[in-house]
Structure formats: C-alpha cells, structure tokens
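Observations on the three-dimensional arrangement
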Amino acid sequence: EAFEKAKTAEPDEPAILVRLAQEQLALSMPVNAERNLRKAIELEQDDKPSMDLLATVLEGTGRAHEVHALWQEIVSKSPQNPVARAKHAASLYVSGKKEQAVSAFEKAIAELEDSAIVKRFYAPIKAQEEDFDKAMDLYEDVLDVAPTDVAVLSEYAQVLSAAGRDFEVPKVLKDILALNPEHN
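Residues numbered from 1 in each chain as written. Predicted model: local features only at pLDDT ≥ 70, side-chain atom pairs only at ≥ 80, totals over all residues. Heavy atoms only, no water.

1. Quick look at the packing of helix H5 (residues 67-77) against helix H6 (residues 82-94)
Closest axis-to-axis distance for the H5/H6 pair is 8 Å, and the angle between their directions is 155 degrees. Considering their axes alone, H5 and H6 lie roughly antiparallel with respect to each other. Here H5 and H6 pass one another in a crossing that is left-handed. Mapping the contact onto sequence places Val67, His68, Trp71, Gln72, Ile74 and Val75 in H5 and Ala84, Arg85, Lys87, His88, Ser91 and Leu92 in H6. Each residue belonging to the contact of H5 with H6 can be placed in one class, and the counts come to 6 nonpolar, 4 polar and 2 charged. (Axes fitted to C-alpha atoms, helices over the stretch in contact; angles between N-to-C directions. Helix = DSSP H or I, 4+ residues; strand = E, 2+ residues; numbered from the N terminus. Parallel < 35°, antiparallel > 145°, perpendicular 65-115°, else oblique. Left-handed = near helix turned anticlockwise from the far one by under 90°. Contact = heavy atoms within 4.5 Å. Nonpolar A, V, L, I, M, F, W, Y, C, P; charged D, E, K, R; others polar.)

Here it is as structure tokens:
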C-alpha cells in the first residue's frame, strides 16, 4: 500500500515502480509486477537496470522466449551498450537459440569499442560447450581489463583444469589468494 501511494505521488520515478514490482512478486502478482517493470524501463536511462527483474518475471511465467526480443529492442536503441549486447546474446542462448547467440556474441565483440563485458558473459558459455581454447582466450581478455576479479579468476582456473592445463592452475589460485578475497 505504501508503494502504491508513493507511485501515485511520484508516477515517473522508476525506483518506486521497481520496489512496487518486487513487492507484487512477493505477493504472487506477476502481471502487476510486469506492468510496473515495463513502465520503469520506459522511464530509465540507457542502462535499464529493471530489465533483469522483468526477465525473471517473464521466465517465471513461462515466457522466457520474450526476453531476447526485449533486449534486442534496447540494443537497437543503444548499439554501443555492452551490457545490453551481452544480455541479449545470453538470452538467446538460454532460450535455445545457440547459433543466433554465438552470432550475437561474436558480432558484439567485433563491433564494440569495449567488449570486455560481452566476453565476460560469453566465456562461461564457451566453457560449458567445452570449447576450452576459446573460453580461455575470452577469460584472458577479461582478466587484462579486470585482473583482480576473483570470480573471473576462479572460473578461469576451472577452465584451465577442464582443459587439462593443471600446471597453470596453481599460479591462478595464488593470484586469488594474493588478493585476500572475502573469506565467505
């Protein structure tokens, strides 16, 4: 009720719409949540932070196939947005359109000035498909930009091990320990 009142007072504030949608989801009201999220997305700038929650709503209601079209719309409006390009390609992959996903990833990498985010999304997919050489190349490119990202280093170590390059794993693990990561 408080978020409904806040929405009435500030109808063009996307943060209020997102919080209202989260509460509606908690109350098993996905149709209302979707409506508010779509309105929030219209009001947001290019980064569209509400899209992830809308994707979750659509997936939860059996409409995951609609997600990549929404990301495509954002990519069309902002083709140099690496997050949108990566999430569009990933949504294609999740919906079973693997060839289109690979094409979208490769195209984004070729066209973007800074493709590290796209490579970050693409690397685990290539590892899952057991294309370890490509996955390692992608992880190495990401690590050139973010050498202290513990999650990327951990995934990279796993790919090295899966590729049979166990002799390289200790160095990566030592790099992780040198960063003194959060114990949990």
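2. Some thoughts on the packing of aromatic side chains
Inspection of every chain in the model, using the stated rule, returns 2 aromatic pairs. Taking the centre distance of 4.4 Å and the plane angle of 10 degrees together, the rings of Phe105 and Tyr122 count as stacked. Linking Phe105 in helix H7 (residues 98-111) with Tyr122 in helix H8 (residues 116-128), this pair joins segments that are 17 residues apart in sequence. The exposure classification of Phe105 matches that of Tyr122, with both residues buried. Taking 6.3 Å as the distance between ring centres and 50 degrees as the angle between the ring planes, the aromatic pair formed by Tyr139 and Tyr156 counts as tilted. Here Tyr156 lies in helix H10 (residues 150-162) and Tyr139 lies in helix H9 (residues 132-145), a separation of 17 residues in the sequence. A residue is classified by how much of its surface remains accessible, and Tyr139, at 2% relative accessible area, is buried. (Phe/Tyr/Trp six-rings, centres within 6.5 Å; stacked < 30°, edge-to-face > 60°. Buried < 20%, exposed > 50% of the residue type's maximum accessible area, 1.4 Å probe, protein only.)

3. Side note on the pattern of salt bridges
Under the definition given, this model contains 15 salt bridges. Glu129 is the partner of Lys126 in a salt bridge, and the nearest nitrogen-oxygen pair spans 3.3 Å. Take Glu129: its relative accessible area is 32%, and that puts it in the partly exposed class. Its salt-bridge partner being Glu168, residue Arg165 comes within 2.5 Å of it at the nearest N-O pair. For Glu168, a relative accessible area of 21% puts it in the partly exposed group. Connected via shared salt-bridge partners are Glu34, Arg38, Arg63 and Glu66. (Salt bridge = Lys/Arg side-chain N within 4 Å of Asp/Glu carboxyl O.)

4. Quick look at unusual backbone geometry
Positive phi outside glycine occurs at Ser28, with the angle close to 60 degrees. By the secondary structure assignment, Ser28 is in the loop between helix H2 (14-26) and helix H3 (30-43). With a relative accessible area of 62%, Ser28 lands in the exposed category.

5. Observations regarding H8
The first and last C-alpha atoms of H8 sit 19 Å apart over 13 residues, in line with the 18 Å expected at 1.5 Å per residue. Within H8, the axis deviates most sharply at Tyr122, by approximately 25 degrees, and proline Pro124 lies no more than four positions further along. For H8, every residue scored as buried is listed here: Ala116, Val118, Lys119, Tyr122, Ala123, Ile125, Lys126 and Ala127. Buried-residue contacts for H8 involve H6, H7, H9 and H10. Immediately beyond the C-terminal end of H8, within one or two residues, lies Glu130, with a positive phi of roughly 65 degrees. (Expected span 1.5 Å × (residues − 1). Bend = angle between axes of the 7 residues up to and from the residue.)

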